[in-house]
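Next come the chains, spelled out residue by residue.
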Amino acid sequence: MSITVDVPTNASDQPHVFPSGGVEPAACVTEAELAAQLVGDARQVRVLTGDRPTGPLHLGHYLGSLRNRVRLQNAGAEMFVLVADYQVITDRDASAGIADFALGLVADYLAVGIDPARSTVFAHSAVPALNQLLLPLMSLISVPELERNPTTKAEAAASGRPALSALMLTYPVHQAADILFCRSDLVPVGRDQLPHLEVTRTVARRFNTRYAPVFTEPRALISDAPSVLGSDGAKMSKSHGNTIPLQATADQTASIIKGFKTDTDRHITFDPALRPEVSNLLLITALCRGQDPAALAEQIGDGGAAALKRAATEAVNEHLRPIRERRAALAGERGYLSAILRRGAERATVEAEATLAQVREAMGMAY
């Protein structure tokens, strides 16, 4: 079954970015909605997803996106999984250690279930035609629109840099090129990334209106855990140092979860609005167990934070155990991991060059 996004012939030239940083509901699909649409068959769906190689992936990545990627792959979706190495330098002065991080990222992907025989895993820097696509897309959005992007503002603030680099400012357009080069239908993202996706939808719509209908407008796939909190109560993030790395040991995981914030009410309830930290641990535990978080809260009842953290530790360690075993086996296979990236780059290059040829034809530049 195909998940399509219609591009009206009278589509507005204005982006649909709201003050909250969200996007129109039609631009998003939840896990439950996706399951109803796919009915176990995603063979006509294309997905672009990926991560910056800045460190090990963590539980927030897994619950928020990675498991959906594996689910889509196993349902037959055509997957493009990006190691976004060029995007590392949006908020960093150097790329030291990037080769180790990139290969580690590939190992993480394989450990969670990404199959390089069914998914195209490639590095940004290895596909020149993808990056060339950035040039025409840059002409389709203004500097003030990019400056208003709330996700870019947050990422710039988190970088600690005194001034916004041009690369950081245009980060959403880079992501648009990543998504559009392979004509992606769906992009698994957290809610904080929705403004970036709306830039993609905007430039796709504007290109289609100005030149020719080349691109579809991709939709966001929103996870059941779109924003997993870390040990300090903020969003789980490598830069915050508040994560549970996928490759952490069982003892390390127990120590990290022991330090998670909760609250003073001993009776455990699932109330994300009023009890975010407690509800976050319930959600993590429930997702790892395949259980409803509200039902889990009733089971724990008056057991308090200690019982909740014990349940979370057991659930996370048991769920991640086979992933960790596969990850450990892959750790020393640098040649194998590099070969996966090379094969993926060859496949992505074919796709990118075909899209770029269509773009040049639409723009009257196919001399």
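Residues numbered from 1 in each chain as written. Predicted model: local features only at pLDDT ≥ 70, side-chain atom pairs only at ≥ 80, totals over all residues. Heavy atoms only, no water.

1. Re the packing of helix H3 (residues 98-112) against helix H14 (residues 304-330)
A pair of packed helices is characterised by two quantities: the angle between their axes and the separation of those axes. To be explicit about the condition: To define axes, lines are fitted to C-alpha atoms, for helices over the stretch in contact only, and angles between the resulting N-to-C directions are given on a 0 to 180 degree scale. The helix and strand labels rest on DSSP assignments: H or I over at least four residues marks a helix, E over at least two residues marks a strand, and numbering proceeds from the N terminus. When describing relative orientation, an angle under 35 degrees is termed roughly parallel and one over 145 degrees roughly antiparallel, while 65 to 115 degrees is termed roughly perpendicular and anything else oblique. Handedness of a helix crossing follows the sense of rotation of the near helix relative to the far helix, less than a right angle counterclockwise being left-handed and clockwise being right-handed. Contact between two residues is taken to exist if any of their heavy atoms lie within 4.5 Å; hydrogens are not considered. Here the term charged refers only to Asp, Glu, Lys and Arg, the term nonpolar to Ala, Val, Leu, Ile, Met, Phe, Trp, Tyr, Cys and Pro, and the term polar to all other amino acids, Gly among them.
Running from amino to carboxyl end, H3 crosses H14 at an angle of 140°, the nearest separation of the two axes being 8 Å. As summarised for this structure, H3 and H14 are arranged oblique, according to the angle between their axes. Note on packing geometry: the crossing formed by H3 with H14 is right-handed. Residues Gly104, Ala107, Asp108, Leu110, Ala111 and Val112 of H3 touch H14, and the partners they reach there are Ile323, Arg326, Arg327 and Leu330. Per-class residue counts for the contact of H3 with H14 are six nonpolar, one polar and three charged.

2. Remarks on the pattern of salt bridges
Convention followed: Here, a salt bridge means any Lys or Arg side-chain nitrogen found within 4 Å of an Asp or Glu carboxyl oxygen. Only protein chains enter the accessibility calculation, which uses a 1.4 Å probe; a residue whose area is less than 20% of its type maximum is buried, one above 50% is exposed, and one in between is partly exposed.
Throughout the structure, instances matching the rule amount to 17 salt bridges. Notably, a salt bridge pairs Glu145 with Arg206, separated by 2.8 Å at the nearest N-O pair. Here Glu145 is found in helix H6 (residues 143-147), whereas its partner Arg206 is found in helix H10 (residues 194-210), with 61 residues between them in sequence. Exposure remark for Arg206: the relative accessible area of 7% places this residue in the buried category.

3. Here's the deal with the nonpolar core
Short version of the rule: By nonpolar core we mean a set of buried residues, namely Ala, Val, Leu, Ile, Met, Phe, Trp, Tyr and Cys, connected to one another through side-chain atoms within 4.5 Å.
Formed by 59 residues in total, the largest nonpolar core has its most connected members in Leu59 and Tyr109. For this core, the secondary-structure elements that each account for two or more residues are helix H2 (59-74), strand E3 (78-83), H3, strand E4 (119-123), helix H12 (276-289), helix H13 (293-300), H14 and helix H15 (334-362). When near neighbours in sequence (up to four residues on either side) are disregarded, Leu59 contacts Met236, Ile244, Leu246, Ile284, Val316 and Leu320. If you look at the next biggest cluster of nonpolar residues, it comprises 40 residues, including Phe181, Val189, Val214 and Ala220.

4. Quick word on the packing of aromatic side chains
The geometry of an aromatic ring pair is captured by the separation of the ring centres together with the interplanar angle, meaning the angle of the planes. Basically, it comes down to this: Centres within 6.5 Å are what make two rings of Phe, Tyr or Trp a pair, Trp counting through its six-membered ring; a difference in plane orientation under 30 degrees is then read as stacked, over 60 as edge-to-face, and the rest as tilted.
Under the criterion given, the structure shown has four aromatic pairs. Here Phe122 and Phe181 contribute two aromatic rings whose centre-to-centre distance is 5.7 Å and whose plane-to-plane angle is 70°, an arrangement assigned as edge-to-face. Separated by 59 residues along the polypeptide, Phe122 in strand E4 and Phe181 in the loop between helix H9 (171-180) and strand E5 (186-189) bring together distant segments of the chain. Each ring, one from Phe207 and one from Phe215, has its centre 5.3 Å from the other, and the planes form 65°; the classification is edge-to-face. Classification of Phe215 as buried rests on a relative accessible area of 3%. By way of ring pairs, the aromatic residues Phe80, Phe122 and Phe181 are connected into one cluster.

5. Describing the packing of H9 against H10
It is at 8 Å that the axes of H9 and H10 come closest, and there the two elements cross at 65°. Taken together, the axes of H9 and H10 lie roughly perpendicular to each other. Crossing of H9 over H10 shows right-handed handedness. Judged by residue contacts, Tyr171, Pro172, Gln175, Ala176, Ile179 and Leu180 of H9 engage His196, Leu197, Val199, Thr200, Val203 and Ala204 from H10. For the contact of H9 with H10, the per-class residue count stands at nine nonpolar, three polar and no charged.

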